[in-house]
Amino acid sequence: MTDISPLFRPFRLHGMELKNRIVMAPMTRSRSPGGFPNDENVAYYARRAAGEVGLVLSEGTLNRRKGASNDANIPLFWGEQALAGWKRVIDAVHAAGGKMGPQIWHQGMSRKPGTGHFPDAPCDGPSGITLQGKKVADEPSEAEVLDMAQAYADGASDAQRLGFDCIELHGAHAYLIDEFFWERTNQRTDRFGGSIERRAEFAAEIIRRCRAAAGRLPIIIRISQWKSVDYNAKVAVNPEELERWVRVLADAGVDAIHCSQRRILEPEFPEVDGPRGLNFAGWVKKLTGLPTISVGSVGLTSEFTGAFRGEGSAAGKLDETLERLDRGEFDLVAVGRAVLQDPEWALKVKQGRLDDLRDYDAKALQTYY
Ligand SMILES: Cc1cc2nc3c(=O)[nH]c(=O)nc-3n(C[C@H](O)[C@H](O)[C@H](O)COP(=O)(O)O)c2cc1C
């Protein structure tokens, strides 16, 4: 019998009390025409909170930089109308007994020029270099970089004012913050470029500014080794480099690190601790002592990028993930597609109804419930 109890222990993060260890992973749905959260969005998130998700992370929601996105159906996290929509979301989540944070996002050079809410706005990136390594624009000045950092902090301030419980900074998957981490896209020679510590400085600047703007809120940053254009890319090729990278984030005062992997059971450095060694979140926790969130194919047998190619995934076992959580390898478990498809996924696990957990159907992306 699967022992589900490790998932249902409470957890405390910088004053935020979570009733269990289940996090809804941030998932872009492009269901907010004009960028404004609407009735459907309110109901969608409230349903997951009512379904016993401990912490709901919103889909990536855009900061105020005009070049932040490629899609005008992605919600904004600034401006009166969008924030009024988000206020309704958080109030509904609280009424359903949940906790929630917005994932604050800027797509950086991943955005195709001429797209999104403000097609004429230029793209932002560390060095004007595309994800393929091609120089297409001038490097932004230090003042512009600082405004890019402040745009996240302005979002944090609004999140606190609206009553959200935490924020997550999207620092993964080759979007803006990750483009600073990654050598290919960051060729700066000032304090934001060069060594791994200096490439982490943009994120550190954001974290410090978020703390100044919204001191009460727990700050989570999501990072990944993999990039949307290269699943084998690594910012840190060994534990020593990883420590240098995440130490900067810890020293800047981040409260937790969300370590994005496509498969939660995959060891990060098997050459060091073997084929069943620590995963990415396990290493980050070991090296910083900070709480970590782990993610990737929880409850399913294949990884999420297939979902965008119209692939489903068979339901899978939770046992080893639960064992690792129980051992303290990581603290929280984010669940993406399974919770996208089934708002009651967490409730079913809590009630021990594991046989009721269904295969993930690729068609779930076309529905919004
Ligand atoms: C439809 C969809 C949209 C996603 N959008 C985001 C996003 O906005 N921000 C983000 O950090 N990750 C995003 N992801 C990645 C998920 O947060 C998660 O890491 C991934 O789906 C792996 O979890 P899973 O295997 O449980 O689905 C998205 C994934 C899916 C399937």
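Worth saying up front: this structure is predicted, and the values here are computed from it rather than measured.

1. Re empty space enclosed by the protein
Inference 1: Scanning the entire structure with this criterion turns up two cavities of 30 Å³ or more.
Inference 2: Within this model, the largest cavity holds a volume of roughly 50 Å³.
Inference 3: Considering the residues around the largest cavity, the lining is formed by Leu7, Ile22, Val298, Leu318, Thr321, Leu322, Leu325, Val333, Val335 and Trp345.
Inference 4: Contributions of two or more residues to the lining of the largest cavity are made by α10 (319-327) and β10 (332-335).
Inference 5: The element contributing the most residues to the lining of the largest cavity is α10, with three residues.

2. A look at the side chain of Asp158
Inference 1: Turning to its location among the elements, Asp158 is positioned in helix α3 (residues 142-162).
Inference 2: A residue is classified by how much of its surface remains accessible, and Asp158, at 16% relative accessible area, is buried.
Inference 3: Setting aside residues no more than four positions away along its own chain, Asp158 makes contact with Phe77 and Leu83.

3. Looking at the layout of surface pockets
Inference 1: Empty space within the largest pocket amounts to approximately 930 Å³.
Inference 2: Lining the largest pocket are 43 residues, and of these Pro26, Met27, His173, Phe304 and Phe308 lie nearest its centre.
Inference 3: Among the elements of the structure, β5 (99-105), β10 and α11 (337-341) are those that each provide at least two residues to the lining of the largest pocket.
Inference 4: Here the residues of the lining of the largest pocket are counted per class, giving 20 nonpolar, 16 polar and seven charged.

4. Here we look at the site of the ligand
Inference 1: Taken together, 18 residues surround the ligand, and among them Pro26, Thr28, Arg222, Ser297 and Arg337 come closest.
Inference 2: In this structure, an oxygen atom belonging to the ligand sits 2.6 Å away from a side-chain N or O atom of Thr28.
Inference 3: Burial of the ligand by the surrounding chains reaches 96%, relative to a free accessible area of 610 Å².
Inference 4: The pocket occupied by the ligand, as judged from atoms lying within 2 Å of grid points, is the largest pocket.
Inference 5: Split into classes, the residues belonging to the shell around the ligand amount to eight nonpolar, eight polar and two charged.

5. Remarks on the packing of aromatic side chains
Aromatic rings considered in pairs are described by the distance between their centres and by the relative angle of their planes.
Inference 1: Using the criterion set out here, one finds 18 aromatic pairs in the structure.
Inference 2: Between Trp226 and Tyr231, the aromatic rings sit 5.7 Å apart at their centres with planes inclined by 65°, giving edge-to-face as the arrangement.
Inference 3: Members of the aromatic cluster, connected to one another through ring pairs, are Tyr44, Tyr45, Phe77, Trp86, Phe164 and Tyr368.
Inference 4: A cation over a ring is seen here: Arg47 above Tyr369, with NZ or CZ 3.8 Å from the ring centre.

6. A short note on helix α7 (residues 239-251)
Inference 1: With 13 residues, α7 ought to run about 18 Å at 1.5 Å a step, and its terminal C-alpha atoms sit 18 Å apart, in line with that.
Inference 2: All of the buried residues along α7 are Pro239, Leu242, Trp245, Val246, Val248, Leu249 and Ala250.
Inference 3: Phi for Gly253, located one or two positions after α7, is positive at around 105°.

7. Thoughts on the pattern of salt bridges
Inference 1: For the structure shown, the criterion picks out 34 salt bridges.
Inference 2: Glu303 is the partner of Arg262 in a salt bridge, and the nearest nitrogen-oxygen pair spans 3.2 Å. A residue pair is termed long-range when its members are at least 10 positions apart, and Arg262 in the loop between β8 (256-260) and α8 (270-273) and Glu303 in the loop between β9 (292-295) and α10 qualify at 41 residues. A single burial state applies to Arg262 and to Glu303, both of which are buried.
Inference 3: Several salt bridges share partner residues, and in doing so they unite Glu142, Arg191, Glu201, Glu205, Arg208 and Arg209 into one network.

8. Concerning the sheet that holds β9
Inference 1: The strand order β3-β4-β5-β6-β7-β8-β9-β10 describes a closed barrel built from eight strands, whose pairing is parallel. The sheet shows a mean angle of 25° between the axes of neighbouring strands, taken without regard to direction.
Inference 2: Docked against the sheet, helix α1 (residues 39-50) engages β3 (22-24), β4 (55-62) and β5, running at close to 155° with respect to β4.

9. Details of the pairing of β5
Inference 1: For β5, the tally of buried residues reaches six of seven residues, placing the bulk of the element in the interior.
Inference 2: Where β4 and β5 come together, six bridges link them in parallel fashion. By the bridge assignment, Leu55 is partnered in β5 with Lys99.
Inference 3: Of the crossover connections in this fold, the one passing from β4 over helix α2 (residues 80-95) to the parallel β5 is right-handed.
Inference 4: The pairing of β5 with strand β6 (residues 167-171) spans two bridges and is classified as parallel. Considered in β6, the bridge of Gln103 is made with Glu168.
Inference 5: With respect to chirality, the unit in which β5 leads through α3 into the neighbouring parallel β6 is right-handed.

About the cut-offs
- Residues numbered from 1 in each chain as written.
- Predicted model: local features only at pLDDT ≥ 70, side-chain atom pairs only at ≥ 80, totals over all residues.
- Heavy atoms only, no water.
- 1 Å grid on protein atoms, 1.4 Å probe; cavity = no way out; pocket = protein on both sides within 12 Å on 5 of 7 lines; lining within 4 Å.
- Points joined across faces, edges and corners; volume = space filled by probe spheres on them.
- Helix = DSSP H or I, 4+ residues; strand = E, 2+ residues; numbered from the N terminus.
- Buried < 20%, exposed > 50% of the residue type's maximum accessible area, 1.4 Å probe, protein only.
- Contact = heavy atoms within 4.5 Å.
- Nonpolar A, V, L, I, M, F, W, Y, C, P; charged D, E, K, R; others polar.
- Near = heavy atom within 4 Å.
- Polar contact = N/O pair within 3.5 Å; in protein donor to acceptor, adjacent residues only side chain to side chain.
- Areas by Shrake-Rupley, 256 points an atom, 1.4 Å probe, with all protein chains shown as cover.
- Sits in = over half its atoms within 2 Å of the grid points.
- Phe/Tyr/Trp six-rings, centres within 6.5 Å; stacked < 30°, edge-to-face > 60°.
- Lys NZ or Arg CZ within 6 Å of the ring centre and 35° of its normal.
- Expected span 1.5 Å × (residues − 1).
- Salt bridge = Lys/Arg side-chain N within 4 Å of Asp/Glu carboxyl O.
- Pairing = 2+ DSSP bridges.
- Axes fitted to C-alpha atoms, helices over the stretch in contact; angles between N-to-C directions.
- Right-handed = clockwise from strand over helix to strand, strands pointing away.

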